[in-house]
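# Commentary on secondary and tertiary structure
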Amino acid sequence: MKFSILLSTYHATNSHDLAKCLDSLCNQTLLADEIIAIKDGPIPEDSEHCLLDYSNRLPIRILEYPVNRGLGVVLQEGLLHCSHDLVARVDTDDEWIVSRTGIRERRIASDHETTFTLARDAADRALQTAGLTGPDVDLVIVATLTPEYGFPSTASLVQEAIGATTAGAFDLNAACAGFAYGLAVARGFIESEMYRTIVLIGSDTMSRVVDWTDRSTCVLFGDGAGAVVVQRTDTPGGIASTCLRSDGSGGPLLIQRAGGSRHPTSAQTLLDGSHYLRMNGREVYRFAVTATTEAALAVMVDAGWTTNEVDLFIPHQANVRIIESAARSIGIPMDHVFVNADRYGNPSAGSIPIALCEALDHRRIQVGSKIVTVGFGAGLAWAAHALTWTTPTGSS
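Residues numbered from 1 in each chain as written. Predicted model: local features only at pLDDT ≥ 70, side-chain atom pairs only at ≥ 80, totals over all residues. Heavy atoms only, no water.

In terms of helices and strands, the chain carries 13 helices and 15 strands. Per-residue burial for the chain yields a buried fraction of 55% across its 396 residues. A separation threshold of at least 6 residues defines the contact pool for the chain, and within that pool the share at least 24 residues apart is 76%. For the chain, the accessible area works out to roughly 16900 Å², and carbon and sulfur atoms hold 51% of it. (Helix = DSSP H or I, 4+ residues; strand = E, 2+ residues; numbered from the N terminus. Buried < 20%, exposed > 50% of the residue type's maximum accessible area, 1.4 Å probe, protein only. Contact = heavy atoms within 4.5 Å. Areas by Shrake-Rupley, 256 points an atom, 1.4 Å probe, with all protein chains shown as cover.)

So, in structure tokens, the structure goes:
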């Protein structure tokens, strides 16, 4: 059995916290035969010594791992949960999970990581890649269903952290469709000329709201964040079509019942487990395939594109089987579909920007590429965009 950690920028400068992480990992994984430490860059000497010290307790193998930097989108990783790691927690097995979902791994935020810290780091990377700083930002939007607090908004925390001193900020909750909805909102602000520079972030820590004894949900979700800088440009291209849809009658199919005004937090809601995400998997699957197909076709028709003209389809990474079924229905071959759900699971609002980032890193997107994205989630809500890529991709 293997467990992995990412030596993130935080760990690289905090050997004490690295030691705590390794200590916790060793104590929880007595059956493990190896820890894989994945470096996203150089780490200082004291952190290297820390790894050597712990190698006496368990074999530690160090691997290099290039951090996603496309569009400034970044995936922050805590512990890696492989599907076989979940067997000890729930009544399931690796074959059952993979055969039904296609998900083999999911990233789980470490104790010091939260929706805000992931969002902040993603925003910092996005601004750095765009060659901008905080004062250049007019608006910060954070799409999330797992905010840092009920209030203040996570976006306001990010706005302060990145130094966007004159920017507005707000959170947007359309669940897993949040980033797609946020892109539509950003487009409206840009096209109205109300704002010039918007930082749009999708960030969620789904591990904090799933019931780790419920195999129908805990095997699906992961944690992660991605951010993009949206600006007006004179270059032909950009977002050609947008489609937003909702069906509130499907609300009970995917729901977190407690914690709001209908069922305020109480001893009883905690006892009932009402704060956990609950889902009717069969019905959500049907909805997801249908909604993804219809929304993708709608924006393609509106943009005047045929399926043969689509260079890359980037759907919400909820489930590999959903993606495959939707691609067949749309008529897009799988070699024109980007999939990373097998490695990250479903990071909710972080799903599409993370996938977009990796597609750039893998050189699947070039200037002029025609891209279709679709997000779907609780609400029920779904959204799609057809866009032509205009930013040079050489620097990723």
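Structure shown, so let's carry the discussion forward.
On to the side chain of S207. Mapped onto the elements, S207 comes out in the loop between β8 (197-205) and α8 (215-218). By relative accessible area, which is 12% here, S207 ends up buried. For S207, the side chain forms a polar contact with the side chain of D223, separated by 2.7 Å. In this structure S207 touches I108, A109, W212 and D223, once residues within four positions along its chain are discounted. (Polar contact = N/O pair within 3.5 Å; in protein donor to acceptor, adjacent residues only side chain to side chain.)

Counting 29 residues, the largest nonpolar core has Y181, I198, V230, I314, I365 and W389 as the members making the most contacts within it. No other element matches the 6 residues that helix α7 (residues 178-191) contributes to this core. With 26 residues, the next largest nonpolar core counts V299, W305, I330 and V372 among its residues. (Core = buried A, V, L, I, M, F, W, Y, C linked by side-chain atoms within 4.5 Å.)

What follows covers the sheet that holds strand β10 (residues 238-246). The strand order β10-β15-β14-β13 describes an open sheet built from 4 strands, whose pairing is mixed. Of all strands in the sheet, those bounded by a partner on one side alone are β10 and β13 (312-315). The sheet shows a mean angle of 10 degrees between the axes of neighbouring strands, taken without regard to direction. Direction of pairing for β13 relative to strand β14 (residues 370-377): parallel, over a ladder of 4 bridges. Looking across to β14, one finds that F313 is bridged to V372. The sheet contacts of helix α13 (residues 351-361) involve β13 and β14, and relative to β13 the element is tilted by about 150 degrees. (Pairing = 2+ DSSP bridges. Axes fitted to C-alpha atoms, helices over the stretch in contact; angles between N-to-C directions.)

Moving on to the side chain of T144. Tracing the backbone through its elements, the reader meets T144 in the loop between β6 (139-143) and α6 (154-161). Within polar-contact distance, the side chain of T144 engages the backbone nitrogen of T146 at 3.0 Å. A distance of 2.9 Å separates the side chain of T144 from the side chain of D204, its partner in a polar contact. For T144, the contacting residues outside a window of four places in its chain are T115, D171, L172, N173, S203, D204 and A349.

Now for the sheet that holds β6. Read across the sheet, 4 strands follow the order β7-β6-β8-β9 without closing on themselves; strand pairing throughout is mixed. Of all strands in the sheet, those bounded by a partner on one side alone are β7 (168-172) and β9 (223-231). With strand direction ignored, the average angle separating the axes of adjacent strands in the sheet is 15 degrees. Relative to β8, β6 runs parallel, the two sharing 5 bridges. When the bridges of β8 are listed, A143 appears paired with G202. Strands β8 and β9 of the sheet are contacted by helix α5 (residues 115-130), whose axis makes an angle of about 35 degrees with β9. In this fold α7 packs onto β6, β7, β8 and β9, with an angle of close to 170 degrees to the strand it touches most, β8.

Below, the discussion takes up the environment of T205. Tracing the chain through its elements places T205 in strand β8. Setting aside residues no more than four positions away along its own chain, T205 makes contact with A109, T114, T115, L118, T146 and D223. In this structure the side chain of T205 is engaged in a polar contact, spanning 2.9 Å, whose partner is the side chain of T115.

With respect to burial, α13 is a largely interior element, 10 of its 11 residues being buried. Taken together, the buried positions of α13 are S351, I352, P353, I354, A355, L356, C357, E358, A359 and L360. Buried residues along α13 sit against α7, β9, β13, α12 (341-344) and β14. Where α13 ends, the next residue or the one after it, R363, has phi of about 60 degrees, a positive value.

Moving on to the packing of aromatic side chains. Counted according to the given criterion, the structure contains 3 aromatic pairs. The interplanar angle of 85 degrees and the centroid separation of 6.3 Å between the aromatic rings of F287 and F376 together place this pair among those described as edge-to-face. Of this pair, F287 sits in helix α10 (residues 281-303) while F376 sits in strand β14, placing them 89 residues apart in sequence. For F287, a relative accessible area of 12% corresponds to the buried category. Take F376: its relative accessible area is 4%, and that puts it in the buried class. (Phe/Tyr/Trp six-rings, centres within 6.5 Å; stacked < 30°, edge-to-face > 60°.)

Attention now goes to the confidence of the model for the chain. Scored by pLDDT, the chain has a mean of 85; 77% of the residues are at 70 or more. A low-confidence stretch, residues 28-32 stays under pLDDT 50, and its non-local contacts, those more than four residues away or across chains, total 6 contacts. Across residues 63-70, confidence stays below pLDDT 50; counting only partners more than four residues off in sequence or on other chains, it has 34 contacts. (pLDDT = per-residue confidence, 0-100.)

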